[in-house]
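One letter stands for each residue in the lines below.
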Amino acid sequence: MDAPSTLVRIYNACRHRVLSASIIDIAIGLATVWVLCVAIHTTGKKSRKTKLRGPKSPSLLFGVGRELFESSDMGAMFEAWSKEYGVAYEIPMLCGQRRTVLCDPKAVAHLLAKDTWSYVIIPGLKAIIAKRFGRDHVPIPDYCISRQRRSIASSFNSTALRKLSTVIYKSVERARTAWEASIDANGGGSVVLDVQKWHVVYNTLETVHLILLSLDTFGIAGFTYDFGSLDGKPNAMISVLDAIGAALPRSFISIAVSLLAFLFPILMDVPTKQNKIFEELHDRMSEICDTLINNATKDTDDQVSTIGLLLKAEDDDSSQHITREEMRTLVLASYETTATAMTWALIELARHPDIQTKLRQELLSLGGEPSYDQLINDLPYLDAILQETLRVHPPVPELVRQADEDDVIPLSEPVRTKSGEVVDSIAVERGTVITIPVSCLNQAEAIWGPDARVFRPERWLEADGITKKAQELKGHRHLLTFGDGPRICLGKLFAIVEIKTVLWVVIKNFVLEMRDGPNTKVEITRGLTLRPRIAGEDGIKVPLKVRQYKG
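Note that this is a predicted model, so its numbers are computed, not measured.

Peer 1: How do you make sense of the overall build of the chain when you look at a structure like this?
Peer 2: On a plain count of helices and strands, the chain comes out with 21 helices and 13 strands. Counting only residues that meet the buried cut, the chain has 55% of its 551 residues in that class. A fraction of 73% describes how many contacts in the chain between residues 6 or more apart in sequence connect residues 24 or more apart. As presented, the chain carries roughly 23,600 Å² of accessible surface, and 54% of it is formed by carbon and sulfur atoms.

So this is what it looks like as structure tokens:
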């Protein structure tokens, strides 16, 4: 019997045992195996890794993992530890694992510059991505990820977006029409809309979703296909995404399964509520991707989408080829994060009517449909609001990598190790897991100044608004929201143009207010991204009061 067949039989046997065992038995068994493996590894090898200080573990099973998972402000937790232990420290994680945290711009720049070869996505996360969105139980190797990026890059550069900006604008205009119809149906005054769904609260008009707007825009721009979501056509995938956001695991068992799956991906087969929802998402994603791909490969000579050209590539080894499996991740990444950022931008403008008024004045100074160059270069206050939204509300709060080789990471300021030694660099060994806390680095007072946690777009327009320390961050516009280095988000320009277009249309035509006043509490719910919701609301609702702007 060959080795692959043997491995398949072993996997299927393990899977059967997982499905037939209780969740508690699984968690305890896997935790025991992990602890034994760690013990054997650490006793059999002398470590050259710098031993850093850090918080004590509140739990033998979770470390601080559960606290971070349940926290409404993960960045504040990382920042507090940084103040106590320095810009590089260790935190205890699942089953005795220790993770190095970098809150230092110089160290982060060093790591991200070597991303994909010296530092890679942790195996557990790759397995989860493969299971949830792509290749069943086969982890995606890093060389495949690099090929995906080469394939997709040409679809999201400035040349492509110049051609697509009109398409994006027309999609947003359809959403404006839906809002106006909602207001007219309620007597022409103000109406309360759930902007997370663009859903009318006080009557039974059709639902219009910010994510549906992103989906329609992505479908038309990338595949010359209109989902018709803004025209009221139902979309099963959006319902599943909402369910994920509303089904945050709260019980001990569900949290344990969600966290331990990063160490033991086989736990994704345990039939928890959240795992079942992810399975449904996988099925709906497959249906949508088949629709997109089938349409794009039928492009006519006068209607060719950039991704359609990639899908027509017949050579599987070509750098211009993209597969159906890769498309699932691309579709989610292209609109879920963008829609979340859109929602946060509307919330902040509703919270700050003075900022909203100032933005409206700038937008009204330019009439008609905005060009790509106007959106990028000619609207400084709109740009400042977008940058501040991305700074304060990054949809992805942390990046996690694993060292694939021994390395020495430089620091911009010294830290004290466990032994009391003061060092200006730290040694990491192959296998070291490292966290880059994006939400902390985007808002830390030590980097951005005493008003770091204040939503203040003016900082992007003032000569000294961006501190020297913040300028050391090498990401897009000194932010790590899009990552940096070889894995920087390829869709950042698409997201920027889409969000700016939404704000252009919405703020020129409507006035937004918090339904319950400017001090309304906004909570965080964990779905595929960190989505906002108004405190006390069911699910992920963000009801805002909306009225037409009449000059």
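Peer 1: Can you help me understand the packing of aromatic side chains in this one?
Peer 2: One pair of aromatic rings is described through two measures. These are the centre distance and the angle between the planes. Tallying each qualifying case throughout the model produces five aromatic pairs. Note on Trp 81 and Tyr 89: the rings are 6.4 Å apart at their centroids and 70° apart in plane angle, and the pair reads as edge-to-face. The residues Trp 81 and Tyr 89 share a single accessibility class, namely buried. Site record: aromatic cluster; members linked through ring pairs are Phe 78, Trp 81, Tyr 85 and Tyr 89. Cation over ring: Arg 360 sits above Tyr 549, and NZ or CZ is 4.9 Å from the ring centre. Its end group placed over the ring of Trp 448, Arg 391 keeps NZ or CZ at 5.3 Å from the ring centre.

Peer 1: Sorry if this is basic, but what is going on with helix H5 (residues 105-113) here?
Peer 2: Regarding H5, the residues found buried are Pro 105, Ala 107, Val 108, Leu 111 and Leu 112. For H5, the arc enclosing every buried residue in end-on projection is 160°, short of the 170-degree limit, so these residues lie on one face.

Peer 1: Help me out: how do you make sense of the pattern of salt bridges in this one?
Peer 2: A side chain with one charge may pair with a side chain of the opposite charge, provided their charged atoms come close. Summed over all chains, the structure comprises 28 salt bridges. Taking the shortest distance from any N to any O, the salt bridge between Asp 73 and Arg 453 comes out at 3.0 Å. You can see Asp 73 sitting in the loop between helix H3 (65-70) and helix H4 (74-85) and its partner Arg 453 sitting in the loop between helix H19 (445-448) and helix H20 (468-471), a full 380 residues away along the chain. Using a relative accessible area of 34% as the deciding quantity, one classes Arg 453 as partly exposed. Of the charged contacts, one joins Asp 383 and Arg 477 as a salt bridge, the two residues approaching to 2.8 Å between their closest N and O atoms. With Asp 383 in helix H17 (residues 380-392) and Arg 477 in the loop between H20 and helix H21 (492-509), this residue pair connects regions lying 94 residues apart in the sequence. Residue classification places Asp 383 among the buried positions, given a relative accessible area of 11%. Overall, the relative accessible area of 33% leaves Arg 477 in the partly exposed class.

Peer 1: Would you take a moment to explain the environment of Cys 489 for this structure?
Peer 2: Turning to its location among the elements, Cys 489 is positioned in the loop between H20 and H21. On the basis of relative accessibility, which here comes to 31%, the residue Cys 489 falls in the partly exposed class. Sequence separation of Cys 489 and His 476 is 13 residues, and the distance between their C-alpha atoms is 9.6 Å.

Peer 1: Would you mind showing me how to read the packing of H17 against H21 here?
Peer 2: A pair of packed helices can be characterised by two numbers: the angle between their axes and the separation between those axes. Two elements in contact, H17 and H21, have axes separated by 11 Å at closest approach and are oriented at 115°. Considering the relative orientation of H17 and H21, their crossing is right-handed. Two secondary-structure elements touch here, H17 through Leu 382, Asp 383, Ile 385 and Leu 386 and H21 through Ile 496, Ile 499, Lys 500 and Leu 503. A breakdown of the residues in the contact of H17 with H21 according to their chemical character gives six nonpolar, no polar and two charged.

Peer 1: I keep staring at the nonpolar core and nothing clicks. Help me out?
Peer 2: One broad trend across soluble globular proteins is that nonpolar side chains are buried collectively. Grouped together as the largest cluster of nonpolar side chains are 97 residues, with contacts concentrated most on Leu 68, Phe 78, Trp 81, Ile 91, Leu 102 and Trp 448. The element contributing the most residues to this core is H21, with 11 residues. The residues contacting Phe 78, other than those within four sequence positions of it, are Leu 68, Tyr 89, Ile 91, Val 101, Cys 103, Glu 398, Thr 435, Pro 437 and Cys 440. If you look at the next biggest cluster of nonpolar residues, it comprises 16 residues, including Cys 95, Leu 260, Leu 267 and Met 268.

Peer 1: What exactly am I supposed to notice about the layout of surface pockets here?
Peer 2: One simple way to see leftover space: roll a probe sized like a water molecule over the atoms. Reported here for the second largest pocket is a volume of approximately 680 Å³. Elements represented by at least two residues in the lining of the second largest pocket include exactly H3, H4, helix H14 (324-351), strand S11 (522-526) and strand S12 (530-534). Its residues assigned to classes, the lining of the second largest pocket shows 12 nonpolar, eight polar and 10 charged.

Peer 1: Just to check I follow, could you spell out the environment of Ile 507 for this structure?
Peer 2: Looking at where Ile 507 falls in the secondary structure, it is placed in helix H21. As for Ile 507 and Gln 548, which are separated by 41 residues in sequence, their C-alpha atoms are 9.4 Å apart. Once residues within four sequence positions are removed from consideration, Ile 507 is found in contact with Leu 349, Gln 356, Leu 359, Arg 360, Leu 363 and Leu 512.

Peer 1: What should I look at first to understand the pairing of S12 in this one?
Peer 2: The side chains of a regular strand alternate, residue by residue, between the two faces of the sheet. Of all five residues making up S12, five are buried, and the element is well covered by its neighbours. In terms of strand pairing, S11 meets S12 through five bridges, oriented antiparallel. Paired with Glu 523 across the strands is Arg 533, a residue of S12. Taking the residues that link successive antiparallel strands as the turn, the S11-S12 hairpin has three residues.

Peer 1: Before we go on, may I ask you to explain the confidence of the model for the chain in this structure?
Peer 2: Should the pLDDT be low somewhere, the predicted coordinates at that spot are not to be read in detail. Predicted confidence across the chain gives a mean pLDDT of 78, with 69% of residues reaching 70 or more. The low-confidence segment residues 136-144 (pLDDT under 50) makes 18 contacts with residues lying over four places distant or belonging to another chain. Taken together, the stretch residues 313-320 has pLDDT below 50 and engages in 13 contacts with residues farther than four places along the chain or on a different chain.

Peer 1: Would you take a moment to explain the sheet that holds strand S1 (residues 88-92) for this structure?
Peer 2: To summarise the sheet geometry, strands pair through backbone hydrogen bonds and adopt either a parallel or an antiparallel arrangement. In space, the five strands of this open sheet follow the order S1-S2-S9-S6-S3, with mixed pairing throughout. A single partner strand is all that each edge strand has here, and the edge strands are S1 and strand S3 (119-121). Averaged over all pairs of adjacent strands, the angle between their axes in this sheet comes to 40°, without regard to strand direction. Of the pairings in the sheet, the one linking strand S2 (residues 98-102) to strand S9 (residues 433-436) comprises three bridges and is parallel in character.

Peer 1: Looking at this structure, I do not really get helix H8 (residues 158-185). What am I missing?
Peer 2: Each α-helix winds once per 3.6 residues, and so residues spaced three or four apart point in a common direction. Taking 1.5 Å of rise per residue, 28 residues should cover 40 Å, and H8 covers 40 Å from first to last C-alpha, within 8% of that figure. Maximal helix bending in H8 amounts to about 45°, located at Leu 164. The positive-phi residue at the C-terminal boundary of H8 is Gly 187, with phi of around 95°.

Peer 1: Could you clarify how one ought to interpret unusual backbone geometry in this entry?
Peer 2: In most cases, non-glycine residues show a negative phi, while peptide bonds are predominantly trans. We note that Cys 95 has phi near 55°; this positive angle belongs to a residue other than glycine. The topology assignment puts Cys 95 in the loop between S1 and S2. Classification of Cys 95 as buried rests on a relative accessible area of 3%. The phi torsion at Arg 477 lies on the positive side, around 55°, for a residue other than glycine.

Conventions and cut-offs
- Residues numbered from 1 in each chain as written.
- Predicted model: local features only at pLDDT ≥ 70, side-chain atom pairs only at ≥ 80, totals over all residues.
- Heavy atoms only, no water.
- Helix = DSSP H or I, 4+ residues; strand = E, 2+ residues; numbered from the N terminus.
- Buried < 20%, exposed > 50% of the residue type's maximum accessible area, 1.4 Å probe, protein only.
- Contact = heavy atoms within 4.5 Å.
- Areas by Shrake-Rupley, 256 points an atom, 1.4 Å probe, with all protein chains shown as cover.
- Phe/Tyr/Trp six-rings, centres within 6.5 Å; stacked < 30°, edge-to-face > 60°.
- Lys NZ or Arg CZ within 6 Å of the ring centre and 35° of its normal.
- Arc of directions from axis to C-beta.
- Salt bridge = Lys/Arg side-chain N within 4 Å of Asp/Glu carboxyl O.
- Axes fitted to C-alpha atoms, helices over the stretch in contact; angles between N-to-C directions.
- Left-handed = near helix turned anticlockwise from the far one by under 90°.
- Nonpolar A, V, L, I, M, F, W, Y, C, P; charged D, E, K, R; others polar.
- Core = buried A, V, L, I, M, F, W, Y, C linked by side-chain atoms within 4.5 Å.
- 1 Å grid on protein atoms, 1.4 Å probe; cavity = no way out; pocket = protein on both sides within 12 Å on 5 of 7 lines; lining within 4 Å.
- Points joined across faces, edges and corners; volume = space filled by probe spheres on them.
- Pairing = 2+ DSSP bridges.
- pLDDT = per-residue confidence, 0-100.
- Expected span 1.5 Å × (residues − 1).
- Bend = angle between axes of the 7 residues up to and from the residue.

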